[in-house]
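Each chain, letter by letter, is given below.
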Amino acid sequence: MIENTLWHPVAASADLAGEPLAVVLLEQAVVLWRDAAGVAHAWADQCPHRGAKLSLGRVCGDRLECPYHGWQFAASGQCVQVPAVPAFTPPATHTARTFAACERYGLVWVQLQTAEMSEPAVVDFAAEDDSRLRKLLCGPFDVATSAPRLVENFLDMAHFAFVHEGWLGARSASAIDGYQVESRPVGVWVTQCKVWQPQPSLHGGAAAQVEYTYAVEAPYAAVLTKVPESSAAAAPDFREAIGLFICPVGPEQSRVWFRLATLDTASDDEALRSFQRTIFSQDQPVLESQTPRRLPLDPRAELHTVADKASAAYRRYLKHLGITFGVC
């Protein structure tokens, strides 16, 4: 399954401290833990001895200890101690199942099937390297729908006037102007998107025409950049980037984070997170009402208009990649 070869976010880095952390990715139970140097590790949450959850154990320096019989495993996954048989030297076959892990954008990312590459191919969020921008992680939000449904909603501007009326849209300005979609081998780019928004962001209180650009470079992630009219901007060269990063927990269950990159230094963290929660709480009941929860890739399964050409390109992209998880 191609999804196993991709990098997926599974937890906020700040949530992984001294104790093991249980997560689920692509229906696989995973345990996260940090060694003495602070390096994050991801393993199958199952002791190879008698199948107990390693996430119920504890971290002992550079080792993870099973809660059942106290077997200790080194960062490589190799068992190095069996308390019941102190003189026993565990052979190479006595290992935990390990996965690749790394940290980017305030998140721990995991790849279930390691690909041959020197640098993790995690989604690019270019705004992370812009020192002028303040970075903030929002979430997680647990949603009873598939990851592709969430990405498609992120790309959909036509719902702003109804789901986010008074915030990101207005019924009196519900028409969607023409925009450009470019399908590339590594994803989908959507440009020249214009939307009238009563409240473009927490720090942009005045209504404004906002220009959106979307980039989808992975099946379960997307990045938007929005540029309001200069009269509503917090700075002359205002560019706010929002990254949507999704953990596909199951085919119809997802965990979502938003990574904000903003010039807003006046609002505190909670105010910014509250704004994002408000917007997503408007989306969530509608998303969870959609049937089927898995995104249909057959173009005949649902009706379409020219306003939906971004989502149509996204569906073609998933089909081209051979994505099977969360689609039908």
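Scroll up to find the structure this text is about.
Summarised in this report is the structure supplied together with it. (Residues numbered from 1 in each chain as written. Predicted model: local features only at pLDDT ≥ 70, side-chain atom pairs only at ≥ 80, totals over all residues. Heavy atoms only, no water.)

**So, helix α3 (residues 269-289)**
Then comes step 1: The terminal C-alpha atoms of α3 lie 31 Å apart, and with 21 residues this matches the ideal 30 Å at 1.5 Å per residue to within 8%.
Then comes step 2: At D283, α3 shows its largest kink, close to 25°, and the proline P285 lies no more than four residues downstream.
Then comes step 3: Listing the buried residues of α3 in full gives L272, F275, Q276, I279, F280, Q282, D283, Q284 and L287.
Then comes step 4: Tucked inside the fold, the buried residues of α3 contact β11 (134-143), α1 (147-155), α2 (160-163) and β17 (253-262). (Helix = DSSP H or I, 4+ residues; strand = E, 2+ residues; numbered from the N terminus. Expected span 1.5 Å × (residues − 1). Bend = angle between axes of the 7 residues up to and from the residue. Buried < 20%, exposed > 50% of the residue type's maximum accessible area, 1.4 Å probe, protein only. Contact = heavy atoms within 4.5 Å.)

**Side note on the state of the cysteines**
Then comes step 1: This model, assessed by the stated rule, comprises zero disulfides.
Then comes step 2: C47 forms no disulfide, and the closest cysteine sulfur to it belongs to C66, at a distance of 3.7 Å.
Then comes step 3: Residue classification places C47 among the buried residues on the basis of a relative accessible area of 2%. (Disulfide = S-S within 2.5 Å.)

**Details of the nonpolar core**
Then comes step 1: Ranked by internal contacts, the top residues of the largest apolar core, which has 82 residues, are V10, L32, W109, Y214, V256 and F258.
Then comes step 2: Broken down by element, the residue count for this core peaks at seven residues, all from strand β16 (residues 240-250).
Then comes step 3: Discounting residues that sit within four places of it in the chain, L32 has contacts with V10, A11, L16, E19, P20, L21, V23, H41, A42, V108 and V110.
Then comes step 4: Residues V31, L64, C79 and V82 belong to the second largest nonpolar core, which totals 13 residues. (Core = buried A, V, L, I, M, F, W, Y, C linked by side-chain atoms within 4.5 Å.)

**Regarding the packing of α1 against α3**
Then comes step 1: Orientation of α1 relative to α3, taken along the N-to-C sense of each, is 130°, at an axis distance of 11 Å. Taken together, the axes of α1 and α3 are oblique relative to one another. Where α1 crosses over α3, the handedness of that crossing is right-handed. Residue-level inspection shows R149, L150 and N153 of α1 in contact with α3, the latter providing F280, D283 and L287.
Then comes step 2: Partitioned by chemical class, the residues of the contact of α1 with α3 number three nonpolar, one polar and two charged. (Axes fitted to C-alpha atoms, helices over the stretch in contact; angles between N-to-C directions. Parallel < 35°, antiparallel > 145°, perpendicular 65-115°, else oblique. Left-handed = near helix turned anticlockwise from the far one by under 90°. Nonpolar A, V, L, I, M, F, W, Y, C, P; charged D, E, K, R; others polar.)

**Description of the pattern of salt bridges**
Then comes step 1: Per the stated rule, a full pass over the model turns up 16 salt bridges.
Then comes step 2: Across the pair R58 and E65 runs a salt bridge, and its minimum N-O distance is 3.0 Å.
Then comes step 3: For R58, a relative accessible area of 47% translates into the label partly exposed.
Then comes step 4: Between E302 and R315 there is a salt bridge, with its nearest N and O atoms 2.7 Å apart. Placement of the pair is E302 in the loop between α3 and α4 (309-321) and R315 in helix α4, with a sequence separation of 13 residues.
Then comes step 5: Each of R149, E152, E302 and R315 takes part in one network of salt bridges that share partners. (Salt bridge = Lys/Arg side-chain N within 4 Å of Asp/Glu carboxyl O.)

**Examining the packing of aromatic side chains**
Then comes step 1: Summed over all chains, the structure comprises 16 aromatic pairs.
Then comes step 2: On the numbers, 5.6 Å between centres and 15° between planes, the contact of Y105 with F245 is stacked. Of the two residues, Y105 is situated in the loop between β9 (98-104) and β10 (107-111) and F245 in strand β16; the sequence distance between them amounts to 140 residues.
Then comes step 3: Note on Y105: relative accessible area 11%, which makes it buried.
Then comes step 4: Here F245 falls in the buried class, since its relative accessible area comes to 0%.
Then comes step 5: An angle of 80° between the planes, with centres 6.0 Å apart, marks the rings of F154 and Y214 as edge-to-face. A residue pair is termed long-range when its members are at least 10 positions apart, and F154 in helix α1 and Y214 in strand β14 (residues 208-218) qualify at 60 residues. Across this residue pair, the class does not change: F154 and Y214 are buried.
Then comes step 6: Grouped by ring-pair contacts, the aromatic residues F141, F154, F160, Y212, Y214, F258 and F280 constitute a single cluster. (Phe/Tyr/Trp six-rings, centres within 6.5 Å; stacked < 30°, edge-to-face > 60°.)

**Topic: the side chain of E152**
Then comes step 1: Counting through the fold element by element, E152 comes out in helix α1.
Then comes step 2: Residue classification places E152 among the buried residues on the basis of a relative accessible area of 10%.
Then comes step 3: Once residues within four sequence positions are removed from consideration, E152 is found in contact with L295, S311, Y314 and R315.

**Regarding the sheet that holds strand β6 (residues 63-65)**
Then comes step 1: Strands sit in the order β5-β6-β7-β8 across an open sheet of four strands; the sheet is antiparallel. With partners counted over all chains shown, the strands left at the sheet margins are β5 (58-60) and β8 (79-81), one partner each. Averaged over all pairs of adjacent strands, the angle between strand axes in this sheet comes to 40°, irrespective of strand direction.
Then comes step 2: Direction of pairing for β6 relative to strand β7 (residues 72-74): antiparallel, over a ladder of three bridges. Paired with L64 across the two strands is F73, which belongs to β7. (Pairing = 2+ DSSP bridges.)

**Regarding the pairing of strand β2 (residues 21-25)**
Then comes step 1: In terms of strand pairing, β2 meets strand β3 (residues 28-34) through five bridges, oriented antiparallel. Each residue of the ladder has a partner; that of V24, found in β3, is A29.
Then comes step 2: The antiparallel hairpin formed by β2 and β3 contains two residues in its connecting segment, where L26 sits at a positive phi of about 50°.

**Side note on the side chain of R134**
Then comes step 1: Structurally, R134 can be placed in strand β11.
Then comes step 2: Residue classification places R134 among the buried positions, given a relative accessible area of 18%.
Then comes step 3: Polar contacts involving the side chain of R134 include one to the main-chain carbonyl oxygen of D264, which spans 2.9 Å.
Then comes step 4: A polar contact of 2.6 Å, which involves the side chain of R134, links it to the backbone oxygen of S267.
Then comes step 5: Each residue touching R134, except ones within four places of it in the same chain, is listed here: L260, A261, T262, D264, T265, S267, D268, D269 and L272. (Polar contact = N/O pair within 3.5 Å; in protein donor to acceptor, adjacent residues only side chain to side chain.)

Shape descriptors only; they carry no functional weight alone.
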